[in-house]
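Topology and contacts: notes
Chain by chain, the residues:
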Amino acid sequence: MRTEQRRRDIVRRLYLTGYAEARELAVALGVDVSTIRRDLDALARAGHVHRTHGGARLPPDAIDLPYRLRQSERLAAKQAIGRVAAALVGDGESVAIDSGSTTYELAAQLRARQDLTIVTNDLRIARLVSDYPGVRLLVTGGELLRSTYSLFGDRAVSFVEELSVDRTFLGADAIEATSGITNTNTLEIPLKRALVGIAGSTVVLADSSKFGRRTLVRVAEIAEVDRMITDDELPDDAASEFGDVLQRVAVSTAALSGAS
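Scope of this entry: the structure provided in the associated data block. What you see is a predicted model, and the numbers here were worked out from it, not measured in a lab.

1. Remarks on the sheet that holds strand β2 (residues 50-52)
The strand order β1-β3-β2 describes an open sheet built from three strands, whose pairing is antiparallel. Here the strands that pair on one side only, and so sit at the sheet edges, are β1 (19-21) and β2. Neighbour to neighbour, the strand axes of the sheet diverge by 25° on average, direction disregarded. The pairing of β1 with strand β3 (residues 55-57) spans three bridges and is antiparallel. Note on β3: the bridge partner recorded for Tyr19 is Arg57. Sheet strands touched by helix α2 (residues 22-29): β1 and β3. Its angle to β1, the strand with the most contacts, is close to 80°. Across the sheet, helix α3 (residues 33-45) touches β2 and β3, and the angle it forms with β2 is around 140°.

As structure tokens, this is what we get:
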């Protein structure tokens, strides 16, 4: 991969995740960590990224872009996943909804539910469901992670650990059969683990582009979740690694192409 192309890929990844470790980028792009550090230094000098110890994040004036990009990428697949996930939720239940663009599509399908309690750390999801007449909304509190509009920190974890819900819907940055469900940003991990811990069952929502990859830190083993829902762009051989826990949702090729 040429230097220019690699640096474009680095910036794109940052717009999708908000933050990345140099080590993670080196593995993902197949180069030495020293090469990635030089790339990040060059991108920082050009004002495209902000260097941190061990990695880089988006500059402050680019805060809003990562979420918008994630929300529009593979939208048809995420909407299909959200529809199927919403069918699992009945009136009178309590659910925790993790932050993310795919979990947002689940939330968008819950408007008609009655006597539903929703717990979330995602401010966009909270804003969406706050208008739902049949929903009681609990927001975790904590500190704002601006790149994802999600809340994190000890206060958020303490709040969640006092609760018990029927079902948690968890997002994921990457999923692999051996390394499990992993996340790019270490700040979010304690809350994600708490959301898993309070649930009667845990459902992971992730489009097929998240599979076959690992990122910086583990959120949960595959054995810790009850179901994973993805789209049918995931090949049969890749899907077979997860057995019955994985459900693939049919999405038309045309729709996926339009949403990419």
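2. Regarding the packing of helix α5 (residues 75-86) against helix α6 (residues 101-108)
Two elements in contact, α5 and α6, have axes separated by 7 Å at closest approach and are oriented at 50°. Taken together, the axes of α5 and α6 lie oblique to each other. In this structure, α5 meets α6 at a crossing whose hand is right-handed. Every residue of α6 that contacts α5 at Leu75, Lys78, Gln79, Ile81, Gly82, Ala85 and Ala86 is listed here: Ser101, Thr102, Glu105 and Leu106. Residue composition of the contact of α5 with α6, by class: five nonpolar, four polar and two charged.

3. Remarks on the sheet that holds strand β10 (residues 174-176)
What the three strands build is an open sheet, ordered β10-β11-β13; its pairing is antiparallel. Of all the strands in the sheet, the pair left with one neighbour each is β10 and β13 (217-220). The average angle at which neighbouring strand axes cross in this sheet is 40°, direction not considered. Sheet topology places strand β11 (residues 180-183) next to β13; three bridges connect them, and they run antiparallel. Within β13, the position partnered with Ile181 by the bridge is Ala220.

4. What to know about helix α8 (residues 154-161)
Of all the positions in α8, only Ala156, Val157 and Val160 are classed as buried. All buried residues of α8 fall inside an arc of 100° around its axis, so they share one side. Seen from the open side of α8, the exposed residues pointing more than 90 degrees away from its buried face are Asp154 and Arg155. Where α8 is buried, its residues touch β8 (150-152) and α9 (189-197).

Quick notes on the rules
Residues numbered from 1 in each chain as written. Predicted model: local features only at pLDDT ≥ 70, side-chain atom pairs only at ≥ 80, totals over all residues. Heavy atoms only, no water. Pairing = 2+ DSSP bridges. Helix = DSSP H or I, 4+ residues; strand = E, 2+ residues; numbered from the N terminus. Axes fitted to C-alpha atoms, helices over the stretch in contact; angles between N-to-C directions. Contact = heavy atoms within 4.5 Å. Parallel < 35°, antiparallel > 145°, perpendicular 65-115°, else oblique. Left-handed = near helix turned anticlockwise from the far one by under 90°. Nonpolar A, V, L, I, M, F, W, Y, C, P; charged D, E, K, R; others polar. Buried < 20%, exposed > 50% of the residue type's maximum accessible area, 1.4 Å probe, protein only. Arc of directions from axis to C-beta.

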